[in-house]
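Letter by letter, the chains look like this.
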Amino acid sequence: CLSLCLPECPLYPTLLLSLLAGTRSAVLNTEARTVEADVLSRRCVMMRLVDFSYEQYQKALRQSAGAVVIILPKSISSVPQDVVRQFMEIEPEMLAMETIVPVYFAVEDEELLSIYEQTRAASASQGSASAAEVLLHTATANGFQMVTSGAQSKAINDWLIPSVEGRLTGLGGEDLPTVVIVAHYDSFGVAPWLSHGADSNGSGISVLLELARLFSRLYTYRRTHAGYNLLFFASGGGKFNYQGTKRWLEDNLDHTDSSLLQDNVAFVLCLDTLGRGNSLHLHVSKPPKEGTLQHAFLRELEMVVANQFPEVKFSMVHKKINLAEDMLAWEHERFAIRRLPAFTISHLESHRDSLRNSIMDRRARIDTKALTRNTQIIAEALTRVIYNLTEKGAPADMQIFTDQMEIQQEQLESVMDWLSSQPRAAQLIDKDSTFLNTLEYYMGRYLKDVKQHHVKADKRDPEFVFYDQLKQVMNAYSLLLSCVFRTVMVTFFPFCLQHFGLLYKLIQRLSLKTKQQ
């Protein structure tokens, strides 16, 4: 057989998270088919994203396919938006469905598309009407045997989820109020190696780093050094019920006597999905009371939007914490559970938006102008609160961050390019990863006391379990040569048996002639 190994088209098994959902990679050795074939049982079913539908996916699972391979285009931006939206809506169902059929994703190239088209032609011919057509198809069609090797997925023990924190200390005494700014860096999707998380939550980390840069400059000079501590936290495990934030709070509130989180927290601002749209929503678990600093921040946001960015729709969204749910809605709920005043700002009105957990969340979906505008809105409102500018008579339409202190759109673009150029699923990033070291370096340029914080699952009752074998190579073996060989044998071998005597005499004559020569 002719082996067509596709090392540049690795396959990415779907996520397997503890008991929640997903599929494990498996040893595979089966013939390829597309959904056009009548029989899919024990076949490797290939589907292209542009032709993908949930009904076809269900058909493959119902017929106990040997595996499913979903082929993604190189550029998601080239896919029609209705197809992208449809797949994003299906992704949660794929993750929620437990199946023994391994499901893989592969990024298309010329070889893979050629295999798909030949397999599709072969599958479409399976229902040929006559035996002659079937025989002709068998002799001329090119099928493929899809083969993977290696051990089945197994749980990874002692995996650490890292987070990074840093601070800017306020001026004027020890018992200063602290504003905490938080964003989770990890991404999520049906295939971890394809989860780039541009908007969710690359945009949140981009805003966090820009805020760190701006306030580090303000805190450099005594006349602009505010009387607030600023604590920045880039959390890991955000997509796994905010495990990094949960353990960080436990360590700072329960296992130490000295922490900025124990003393005087003014409020916690969580940044999530800020990279597009013309709306901003402040999500709260409990509406802030008048006279509190969090209420002042809400009013400053409303004023900045109304007077400087009237094209933006702003609202406060109140949702109580539902402890009966397996997953929290937003990151601020982790702080609210510990009775710390907190909220999340996002362009999404609902936490259930499929954008937050999709491999379709790519760089092309980010509107850099909207990201820059949202960064400015947050920075302006935060500065007005920290420096009490409204009470001091500052005009509502006065922009603080202009000229040399303006929001750097090129910086935001550069950070977004870096973040969205790599998958950031929590099971891919450990404490020594290049991504985390670069993030720590970025934060260290602007903040003090930058350090990592690690989370490890409890051995007796783990909150999360990660599995290996997240990337595999599949070999495609051409069946054309073997089919031709079988066809020749089926037609030629009976002829030899029927005319054996004549053939034997012919061979004897040729042998005698050869000896005489």
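Above this text sits the structure in question.
Residues numbered from 1 in each chain as written. Predicted model: local features only at pLDDT ≥ 70, side-chain atom pairs only at ≥ 80, totals over all residues. Heavy atoms only, no water.

Draft legend 1. Region of interest: the side chain of histidine 453. Mapped onto the elements, histidine 453 comes out in strand β16 (residues 448-456). Here the side chain of histidine 453 touches aspartate 251 through a polar contact of 2.7 Å, side chain to side chain. Residue contacts for histidine 453: discarding those within four places in its chain leaves Ile161, Pro162, Ser163, Arg247, Trp248 and Asp251. (Helix = DSSP H or I, 4+ residues; strand = E, 2+ residues; numbered from the N terminus. Polar contact = N/O pair within 3.5 Å; in protein donor to acceptor, adjacent residues only side chain to side chain. Contact = heavy atoms within 4.5 Å.)

Draft legend 2. Region of the structure containing the packing of aromatic side chains. Taken as a whole, this structure holds 16 aromatic pairs when the rule is applied. A centroid spacing of 5.8 Å and a plane angle of 75° characterise the contact between phenylalanine 188 and phenylalanine 240, whose relative ring orientation is edge-to-face. Linking phenylalanine 188 in the loop between β10 (178-184) and α5 (198-218) with phenylalanine 240 in the loop between β11 (229-235) and α6 (243-253), this pair joins segments that are 52 residues apart in sequence. Each member of the pair, phenylalanine 188 together with phenylalanine 240, is buried. Relative to phenylalanine 435, the ring of tryptophan 418 has its centre 5.2 Å away and its plane inclined at 20°; by these criteria the two rings are stacked. One end of the pair, tryptophan 418, is in helix α11 (residues 409-420); the other, phenylalanine 435, is in helix α12 (residues 434-446), and 17 residues separate them in sequence. The exposure class assigned to phenylalanine 435 is buried, which follows from its relative accessible area of 4%. The side chain of arginine 356 reaches across the aromatic face of tryptophan 330, ending 4.2 Å from its centre. The side chain of lysine 471 reaches across the aromatic face of tryptophan 193, ending 3.8 Å from its centre. (Phe/Tyr/Trp six-rings, centres within 6.5 Å; stacked < 30°, edge-to-face > 60°. Buried < 20%, exposed > 50% of the residue type's maximum accessible area, 1.4 Å probe, protein only. Lys NZ or Arg CZ within 6 Å of the ring centre and 35° of its normal.)

Draft legend 3. A look at the nonpolar core. Counting 68 residues, the largest nonpolar core has Tyr219, Phe232, Leu271, Phe297 and Leu439 as its most contacted members. Apart from the residues within four sequence positions on either side, tyrosine 219 is in contact with Leu168, Thr169, Gly170, Thr224, His225, Ala226, Tyr228, Leu230, Ile386 and Tyr387. Core analysis: the next-biggest nonpolar cluster, separate from the first, contains 46 residues, Leu40, Met94, Met97 and Phe105 among them. (Core = buried A, V, L, I, M, F, W, Y, C linked by side-chain atoms within 4.5 Å.)

No statement about biological role is implied by the geometric values presented.
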